[in-house]
Amino acid sequence: MTLLDLATVRAFEQRSFNAWPARETVFFNGWLFRMSGGYTKRANSVNAADAGATFEGVRGAAETFYAQHGLPTVFRLSPLAPPEADRELADAGYAFFDPTQVARATLSAAAPHASVNISAAPSADWLDGIAAANGIASTNHELHHAMVRSIALPSAFATLQDHGEAIGFGLAVLERGAVGFYDIVVAPHRRGQGHGRVLTCALMQWGRTKGAESAYLQVREQNEIARRLYAQLGFEEFYGYHYRVADNLFARPASAPLAKKD
């Protein structure tokens, strides 16, 4: 990957950190130790902040840091991480899981929809609805809601209604000319009916009205249904990342939301 490519990767990585902010972040020799009470891997993981950072001393420092806070040590390895990081973690017994692709697209598929309501701030109904559709445990609702409310960038909170029933939800965040989708989820009993496409296109339209020139998202490699949908909407996979953890505490089935904030 060229330096220009890595500069673009860094810009997308920065967008993702800003769009799903950790409650606390510690900087360590070109790496970020993110912590949010254990809710979501991205917000509780070790991430390379820039290309060129070495991995020397990072694993030990991270293990000490997360142990002090009663959390597992989770590494999220993007192309910004040096190859020796993945090798050292594998040799130390860290399990590989959740390979994910970052995909980007133009806004050619943008289209408003009369059944999609978009707000600039999350309502209590939206927060409770997306938590329920995502299957988030009630014990995590307070933390989830607080993290969503802490997003500082222009955001769209979408609700898809059908005969008065909220059946789908979406979260989009705008930064530097790109709109990112961090949660597009349909109620389990209404999946497979095209509602994810409707939400995605409506959020692309919102991004266009706010001056965005492109869209991006993360999708797990094993979620073939979502990957096919996004390919149809013009998304092209750009780079991948994966996680490593000493014990695979975060493993989960593939039938998760379409777009994800992990």
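Calculation notes
Starting from 1, residues in each chain are numbered consecutively following that chain's sequence as written. Local features are withheld for residues below a pLDDT of 70 in this predicted model, meaning they are given only at 70 or higher, and side-chain atom pairs are given and counted only at 80 or more; totals for whole chains, interfaces and linings count all residues. Processing note: side-chain calculations cover all non-hydrogen atoms of the structure and skip hydrogens and water entirely. What counts as a helix is a DSSP run of H or I of at least four residues, what counts as a strand is a run of E of at least two, and both are numbered from the N terminus. We compute the radius of gyration from the C-alpha atoms alone; for a globule the expected value is 2.2 Å times N to the 0.38, where N is the number of residues. Buried residues are those whose accessible area, probed at 1.4 Å on protein chains only, stays under 20% of the maximum for their type, while exposed residues exceed 50% and partly exposed ones sit between those limits. Being paired, for any two strands, means DSSP has found at least two bridges between them. Interaxial angle, 0 to 180 degrees, is taken between N-to-C directions of lines fitted to C-alpha atoms, where a helix line uses only the stretch in contact. The criterion used for residue contact is that any of the two residues' heavy atoms lie within 4.5 Å. Salt bridges are identified by distance alone: a Lys or Arg side-chain nitrogen within 4 Å of an Asp or Glu carboxyl oxygen. One number per residue, pLDDT, summarises how confident the predictor is, and it ranges from 0 to 100. Counting of polar contacts relies on pairs of N or O atoms within 3.5 Å, with two restrictions inside protein: one atom must be capable of donating a hydrogen and the other of accepting it, and residues adjacent in sequence are counted only when both atoms are side-chain atoms.

For the rest of this paragraph, the subject is the overall build of the protein. Scanning the protein from terminus to terminus reveals seven helices and eleven strands. Against the compact-globule benchmark of 18 Å for 262 residues, the protein has a radius of gyration of 18 Å, which places it among compact chains. Its C-alpha atoms give the protein principal-axis dimensions of about 55 × 40 × 30 Å. Classification of the 262 residues of the protein by burial places 52% in the buried group.

With that settled, the discussion passes to the sheet that holds strand β5 (residues 95-105). Reading across the sheet, the eleven strands line up as β1-β2-β3-β4-β11-β5-β10-β9-β8-β7-β6 and stay open at both edges, with mixed pairing between neighbours. Both outer strands of the open sheet, β1 (24-28) and β6 (116-119), are each paired with one neighbouring strand and no more. Across the sheet, the axes of successive neighbouring strands diverge by a mean angle of 25°, strand direction being ignored. Pairing of strand β8 (residues 165-175) with strand β9 (residues 178-186) involves eight bridges; the strand directions are antiparallel. In the strand pairing of β9, L174 is matched with V179. Strands in contact with helix α2 (residues 58-68) are β1, β2 (31-35), β3 (46-48) and β4 (74-77); relative to β2, the strand with the most contacts, it is inclined by about 15°. Docked against the sheet, helix α7 (residues 224-232) engages β9, β10 (214-220) and β11 (236-245), running at close to 165° with respect to β10.

Between side chains of opposite charge, pairing is possible as soon as their charged atoms come close. Evaluated as defined, the whole model comprises twelve salt bridges. A salt bridge links D162 to R190; the shortest N-O distance between them is 2.9 Å. Placement of D162 in strand β7 (residues 155-162) and of R190 in the loop between β9 and α6 (195-209) is noted, with a sequence separation of 28 residues between them. By relative accessible area, D162 is classed as partly exposed at 22%. For R227, the salt bridge identified is with E237, shortest N-O distance 2.8 Å. Of this pair, R227 sits in helix α7 while E237 sits in strand β11, placing them ten residues apart in sequence. Classification of R227 by relative accessible area gives partly exposed; the value is 23%. E237 sits in the partly exposed class, given a relative accessible area of 39%.

Attention shifts here to the confidence of the model for the protein. The pLDDT averaged across the protein works out to 93; a share of 93% of its residues lies at or above 70. Contacts for the low-pLDDT stretch residues 251-255, under 50 throughout, to residues beyond four places or in other chains number eleven contacts.

The next thing to look at is the pairing of β1. Summarising the sheet, β1 and β2 pair through five bridges and their orientation is antiparallel. Along β2, the bridge assignment pairs F28 with W31.

R190 sits in the buried class, given a relative accessible area of 15%. Residues within four places of R190 in sequence aside, it is in contact with D162, E165, I167 and H195.

Moving on: the environment of V9. Within the element layout of this structure, V9 appears in helix α1 (residues 3-19). For V9, a relative accessible area of 0% gives the class buried. For the pair V9 and G240, spaced 231 residues apart in sequence, the C-alpha separation works out to 9.9 Å.

Among the secondary structure elements, T100 is positioned in strand β5. Within the structure, T100 has its side chain in polar contact with the backbone oxygen of D98 (distance 3.0 Å).

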